[in-house]
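Here are the chains, one letter per residue:
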Amino acid sequence: MEKWIERQKHIIDFTVSSLLRRRGKNAALITVYAFVIFMLASVVFFVQAIKREASIILQDSPDLIIQRMSAGRHELIPVSYGDRIRSIRGISAVKSRLWGYYYDSVTGANYTLMVSQDPRVSAGRIVIGAGVARARIAFAGDTIEFRAYDGAIIDLEVKDTINSQSELVSSDLILVSGSDFRRLFRVPAGYATDLTAKVRNPKEQPMVALKVATLLPDTRQILKEEILRTYDAAFNWRGGMIIVILSGMLMAFIILAWDKASGLSSEERREIGILKAIGWETSDVLLLKFWEGMILSLSSLFSGILLAYAHVFFTSSFLFEPALKGWAVLYPRFKVAPFIDPFQLATLCFLAVVPYIVATIIPVWRTATVDPDSVMR
Amino acid sequence: MRKSSLFLLYLLVNALLFVLMFVHASHQQTASMPSLKEKAFLIERLGLTDLCIFTEASYTRHLSQADLHTPFQDAPMSLEHFPSGSLVSPSPIIRKIDGKVD
């Protein structure tokens, strides 16, 4: 065993010296390789953390949401629909929600306005999310102007701001009183944006939704389970930019591996020829190239993954910010908890190391089995 | 020191950092519980349904509340023009409605 370890160490000594002789080329290779892994791992970490956080906190979202549809669009729902929904067995409570969007022409930001029973909210007084406070540079005691549906200017006083810890769900929120909301958007009394229902037995939710659909055919029902699945599907690897990033990175990696697999440089071929000529076995040469692949891929893998972890969980994915921000003026500043999926990480490690080593070994094996004299010529 | 020993030391340091990464993640998960509970409490109290990741378009601000008719409605032949719309996949709720329409 000791002899075997000593043999490996001698070969690693030689491999490191060989790599250092071509330090410029190898440093460039490690940088590109590490960057590919860094981008892949960053996407994996960010998506996994968002999905996990959504699955935890959205467990407390409404069991069932009922929205009225008219001519294929979401319409205001009569609050009286709630009484009919309440009559369905299995429903323990029905509440109405008043919420909507407000475009702020001063900053160019979109806010979500919501009526709340929060004791800090009353007629003329609002509570704002941390993102709104940043966009409007508004704090408790300040007033914010809103333009109502008829063009009238309504001044609402900021009573408080929502804790920035919960910015991931509340950054663009403005909590207003029911009377102010109806005044701003001309929502008639007796109407709400949608209704929420509490279902006693979670297993009965789909059945209750079906009963609501039969009772009120002009409504659509959104189950809590569907809300939870939304975030699983939204950041699915098959969808949107994620597949673009993944395929780009995969292509870069294939080019990298193809370059290695398509043949060795004349310098590398000469080196193998000399080693064979001075008595190295084919297995020794293969071992040398195996360690070379290991050193390059492991160095890239470790640095790529560790940098990706720091990028996502210490710097709030600042490289993704321009893509996530899009054209939005109001961008929530949130930090996600580092939920890592060991299986995904193991898959990433496997995909980053094994194909590269295989791609390196095959051309070396082809060269090492040829007569050293012809290789050196 | 031999180059092989230096390399093994380098591997050991990296493996240690890797383990530390998992330890840090586990510690941070526990530490973030109060913040997660606060968010969950806010969601329950206000009846919220979505994460506030994108604020530029209503259908990406409230992913679970989006409907089939919201995107692409600005003009005939108008393609998706909000960057966030190309970042995320549609909700399964939309696919359900889509099924009915088709």
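Rules used in this analysis
Residues numbered from 1 in each chain as written. Chains lettered and ligands numbered in written order. Predicted model: local features only at pLDDT ≥ 70, side-chain atom pairs only at ≥ 80, totals over all residues. Heavy atoms only, no water. Helix = DSSP H or I, 4+ residues; strand = E, 2+ residues; numbered from the N terminus. Buried < 20%, exposed > 50% of the residue type's maximum accessible area, 1.4 Å probe, protein only. Contact = heavy atoms within 4.5 Å. pLDDT = per-residue confidence, 0-100. Salt bridge = Lys/Arg side-chain N within 4 Å of Asp/Glu carboxyl O. Buried area = accessible area lost by both parts, 1.4 Å probe. Polar contact = N/O pair within 3.5 Å; in protein donor to acceptor, adjacent residues only side chain to side chain. Nonpolar A, V, L, I, M, F, W, Y, C, P; charged D, E, K, R; others polar. Core = buried A, V, L, I, M, F, W, Y, C linked by side-chain atoms within 4.5 Å. Pairing = 2+ DSSP bridges. Axes fitted to C-alpha atoms, helices over the stretch in contact; angles between N-to-C directions. Expected span 1.5 Å × (residues − 1).

Caption draft 1: Molecular detail of the environment of Phe 313 of chain A. All names here are of chain A. Tracing the chain through its elements places Phe 313 in helix 11 (residues 282-313). Residue Phe 313 is classed as buried on the basis of its relative accessible area, which comes to 5%. Once you skip the residues sitting within four places of it in the chain, Phe 313 turns out to touch Phe 45, Ala 49, Lys 335, Val 336, Ala 337, Pro 338 and Phe 339.

Caption draft 2: Structural view of the confidence of the model for chain B. All names here are of chain B. Counting all residues, the mean pLDDT for chain B is 81, and 79% of those residues have values of 70 or more. Across chain B, the secondary-structure element scoring lowest on mean pLDDT is helix 4 (residues 92-101), at 58, and the one scoring highest is helix 1 (residues 3-31), at 93. Here the predicted complex carries an ipTM of 0.85, next to a pTM of 0.87.

Caption draft 3: Seen up close, the pattern of salt bridges. Residues and elements named next belong to chain A. As enumerated under the stated definition, the model contains 22 salt bridges over all chains in all. Measuring nitrogen to oxygen at the nearest pair gives 2.3 Å for the salt bridge that ties Asp 284 to Arg 7. Placement of the pair is Asp 284 in helix 11 and Arg 7 in helix 1 (residues 2-21), with a sequence separation of 277 residues. For Arg 7, a relative accessible area of 34% translates into the label partly exposed. Ionic pairing is found between Glu 271 and Arg 22, a salt bridge with its closest N-O pair at 3.7 Å.

Caption draft 4: Seen up close, the interface of chain B and chain A. With 63 residues of chain B in contact, the opposing surface of chain A contributes 84 residues. Of the roughly 6600 Å² buried between chain B and chain A, counting both surfaces, carbon and sulfur atoms make up 66%. Summed over the shared surface of chain B and chain A, the number is five salt bridges. At the surface where chain B touches chain A, the tally comes to 25 residue pairs in polar contact (both at pLDDT 80 or more). Those elements that provide at least two residues to the side of chain B that touches chain A are helix 1, helix 2 (33-46), helix 3 (58-61) and helix 4 of chain B. For the side of chain B that touches chain A, the leading source of residues is helix 1 of chain B, giving 17 residues. Counted by class, the side of chain B that touches chain A contains 30 nonpolar, 21 polar and 12 charged residues.

Caption draft 5: Geometry of the environment of Thr 360 of chain A. Here Thr 360 of chain A shows up in helix 13 (residues 342-368). Thr 360 of chain A sits in the buried class, given a relative accessible area of 4%.

Caption draft 6: Highlighting the nonpolar core. Counting residues in each nonpolar core, the largest one holds 89 residues, and the members touching the most others are Phe 45, Phe 235 and Ile 305 of chain A together with Met 21, Leu 51 and Ile 53 of chain B. Looking at this core, the element that brings in the most residues is helix 2 (residues 23-57) of chain A, giving 16 residues. Setting aside its immediate chain neighbours within four residues, Leu 51 of chain B contacts Ile 50, Ala 54, Ile 57, Leu 168, Val 169 and Tyr 231 of chain A together with Arg 61 of chain B. With 23 residues, the next largest nonpolar core counts Ile 144, Leu 156, Val 176 and Val 187 of chain A among its residues.

Caption draft 7: Fine view of the environment of Arg 84 of chain A. Residue and element names in this part refer to chain A. Structurally, Arg 84 is set in helix 3 (residues 81-86). Residues Arg 84 and Val 94, spaced 10 residues apart in sequence, show a C-alpha to C-alpha distance of 10.0 Å. Apart from the residues lying within four places of it in its own chain, the contact partners of Arg 84 are Leu 215 and Leu 216.

Caption draft 8: How the structure looks around the sheet that holds strand 10 (residues 173-176) of chain A. Residues and elements named next belong to chain A. With mixed pairing, six strands are arranged side by side in an open sheet as 5-6-10-7-9-8. The open sheet is flanked by strand 5 (99-104) and strand 8 (143-147), the only strands paired with a single partner. The mean inter-strand angle of the sheet, taken between neighbouring strand axes irrespective of direction, is 35°. Across the face of the sheet, helix 6 (residues 178-185) comes into contact with strand 5, strand 6 (109-115), strand 7 (125-128), strand 8, strand 9 (153-161) and strand 10 while running at roughly 130° to strand 6.

Caption draft 9: Region of interest: unusual backbone geometry. Of note, Ile 137 of chain A is a non-glycine position whose phi angle comes to about 45°, a positive value. Secondary-structure assignment places Ile 137 of chain A in the loop between helix 4 (130-136) and strand 8.

Caption draft 10: Structural detail: helix 1 of chain B. Here helix 1 of chain B is 29 residues long and its end C-alpha atoms lie 41 Å apart, about the 42 Å a rise of 1.5 Å per residue gives. Buried within helix 1 of chain B we find Ser 4, Phe 7, Leu 11, Asn 14, Phe 18, Met 21 and Ala 25 of chain B. In this fold, the buried residues of helix 1 of chain B make contact with helix 1, helix 2, helix 11 and helix 13 of chain A.

Caption draft 11: Seen up close, the pairing of strand 10 of chain A. All names here are of chain A. The alternating pattern of strand 10 places Leu 173 and Leu 175 on one face and Ile 174 and Val 176 on the opposite face, and all of these are buried. One ladder, built from two bridges, connects strand 7 with strand 10; its direction is antiparallel. Bridged to Val 127 within strand 10 is Leu 175.

Caption draft 12: Quick peek at the side chain of Gln 221 of chain A. Of note, Gln 221 of chain A is situated in strand 13 (residues 219-223). In this structure the side chain of Gln 221 of chain A is engaged in a polar contact, spanning 2.8 Å, whose partner is the side chain of Thr 219 of chain A.

Caption draft 13: Expanded view of helix 1 of chain A. Along its 20 residues, helix 1 of chain A runs 29 Å from first to last C-alpha, staying within 8% of the 28 Å computed at 1.5 Å per residue. Among the residues of helix 1 of chain A, those classed as buried are Gln 8, Ile 11, Ile 12, Asp 13, Thr 15, Val 16, Ser 18 and Leu 19 of chain A. Buried residues belonging to helix 1 of chain A abut helix 2, helix 10 (266-277) and helix 11 of chain A together with helix 1 of chain B.

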